[in-house]
Amino acid sequence: MNILIIGNGFDLAHGLPTKYGDFLDFCEKARRIYTFCEDASLNDYKCDNLDNWETNDDIKNVLLEAFDKRECKKNFNDNNTYNLKVTTSNKFLDELYTYIRKNTWLEYFLNCRSSIGGNWIDFETEISKVIQVLDEAINIKKSDKELKEVLKEKHNILLDVYKASKGSVQKALKDDTTLIDFAAFLDEELGRLIRALEIYIAEFVNRSSVTEKNVDIESLNLDHVLSFNYSDTYERIYSKGKKVECDYIHGKADISKNVNTSNLVLGIDEYLDDDKKDKDLELLSFKKFYQRIYKSTGNKYLEWVDEIKDGYADYLNPHLLSGKIEYPGHMLYIFGHSLDITDKDVLKMFICNDNVQTKIFYYRKNQEDKAELGKLIRNLILIMGQEELVRRTGGAHKTIEFVPQTVM
């Protein structure tokens, strides 16, 4: 088998705006369509919102068309004030707006984005920070202690989230019951943000033009692709006329879904100790392993892993006649994945097999740039340890090779 594992760097290598910051920017620009003065011109919206925004021109053009064809209706109140109701010709943009109009998570990230990193792992880490503080607060309230005294500086994280919710749950600090209610509210808000992200990927990113194929990817003869992305970039650009099975471990953006049926996984990793993780389940719905099970995301890759392991076990079986079984070698390519420890279990299933040759492509700005290579080596140490990494990257029987991406 020839298998390709891709992460968000794969989309970025094709010029697609799939960083979480790109999504936040899009939400801000989209919201302005529905809140801009009703007599504002198309040029007003363009100059104030789009001219200095570095993103795909296809996405800008869709927003411009939506603004140009918007309809504004005034709903008057008893005190002679009015609310402006705006609809556009793009029904999916209208749906997206209902999820981001007053979304607590979106407001929180817009307020704190300058203090966190630019990768999706940083986004998830920030969610984890909030959930862990909320978990701690629930346990503190159960013991009838004062939150501010026990949490100290962490208390500000809760206050920032409550501020972002704009009073949606005013009594959340009262006791553990209202804190659990607030956790349920945050879970619903995350689900709404996930659906907004799904619309952004399916209707805007997936429809953006890609001017050229990546030469490193185009040369691969693949059987399977394991994608950690929500987009269909590989299928859309490379798999036409080829029988390549694609598995989406975190779900695949589908415009036909809704906020209840979306299968995108966006959550956090387990943070509790072994003696607590199977007992303290109030905040289970935020965890990625739960979401994968609940949303039935892709798991075809487990069959590929079984084929790799079972074939090698049969090959080494002394009871089988020598020479009757061909050596079951496999090729694994990794492109645009940070090899972060959060995906350790999945990555080890593939990389740590003696009958799998792994080629890891690393991004570089120019011919001499090795900054990304250093990060990948560090992350692999966290995944498999120094001794295992040294064994697999050197000697006559090495199984891991780092390959510089072709500078486009």
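As a reminder, the structure under discussion sits directly above these lines.
Note that the coordinates shown come from a computational prediction; the quantities given were computed from them, not determined experimentally. (Residues numbered from 1 in each chain as written. Predicted model: local features only at pLDDT ≥ 70, side-chain atom pairs only at ≥ 80, totals over all residues. Heavy atoms only, no water.)

Enquirer: Got a minute to help me understand the nonpolar core in this structure?
Expert: Taken as a class, soluble globular proteins show a tendency for nonpolar side chains to be buried jointly. Of all hydrophobic cores here, the largest spans 75 residues; its most connected members are Phe26, Leu63, Leu93, Trp105, Phe109, Leu134 and Tyr200. For this core, the element with the highest residue contribution is helix α10 (residues 176–205), accounting for 16 residues. Setting aside anything within four residues of it in sequence, one finds tryptophan 105 in contact with Ile127, Val130, Ile131, Leu186, Glu189, Leu190, Leu193 and Phe286. (Core = buried A, V, L, I, M, F, W, Y, C linked by side-chain atoms within 4.5 Å. Buried < 20%, exposed > 50% of the residue type's maximum accessible area, 1.4 Å probe, protein only. Helix = DSSP H or I, 4+ residues; strand = E, 2+ residues; numbered from the N terminus. Contact = heavy atoms within 4.5 Å.)

Enquirer: Explanation requested: helix α6 (residues 104–112) in the structure shown.
Expert: What sets the pattern is the α-helix's 3.6 residues per turn: residues three or four places apart point alike. Along α6, eight of the nine residues are buried, which leaves the element largely enclosed by surrounding structure. Along α6, the residues classified as buried are Thr104, Trp105, Leu106, Glu107, Tyr108, Phe109, Leu110 and Cys112. Measuring from the backbone nitrogen of tryptophan 105 back to the side-chain oxygen at the start of α6 gives 3.0 Å, which picks out asparagine 103 as the cap. (Polar contact = N/O pair within 3.5 Å; in protein donor to acceptor, adjacent residues only side chain to side chain.)

Enquirer: Explanation requested: the side chain of serine 231 in the structure shown.
Expert: Relative to the assigned elements, serine 231 resides in the loop between β4 (224–227) and α12 (233–237). Polar contacts involving the side chain of serine 231 include one to the side chain of aspartate 11, which spans 2.5 Å. Of the polar contacts made by the side chain of serine 231, one reaches the side chain of threonine 233; its length is 3.1 Å. Residues in contact with serine 231, not counting those within four places in the same chain, are Asp11, Ile201, Asn206 and Tyr248.

Enquirer: Whenever I open this one, the sheet that holds strand β7 (residues 356–362) confuses me. Can you help?
Expert: Where strands meet in a sheet, backbone hydrogen bonds hold them as pairs that are either parallel or antiparallel. Taken together, the six strands give an open sheet; going across it, the order is β5-β4-β1-β6-β7-β8, and neighbouring strands pair in parallel fashion. Two strands bound the open sheet, and with one partner strand each, they are β5 (245–248) and β8 (400–404). Recorded for the sheet is a direction-independent mean angle of 20 degrees between the axes of neighbouring strands. Note: strand β1 (residues 2–6) against β4, four bridges, orientation parallel. Bridge pairing in β4 links isoleucine 5 to leucine 226. (Pairing = 2+ DSSP bridges. Axes fitted to C-alpha atoms, helices over the stretch in contact; angles between N-to-C directions.)

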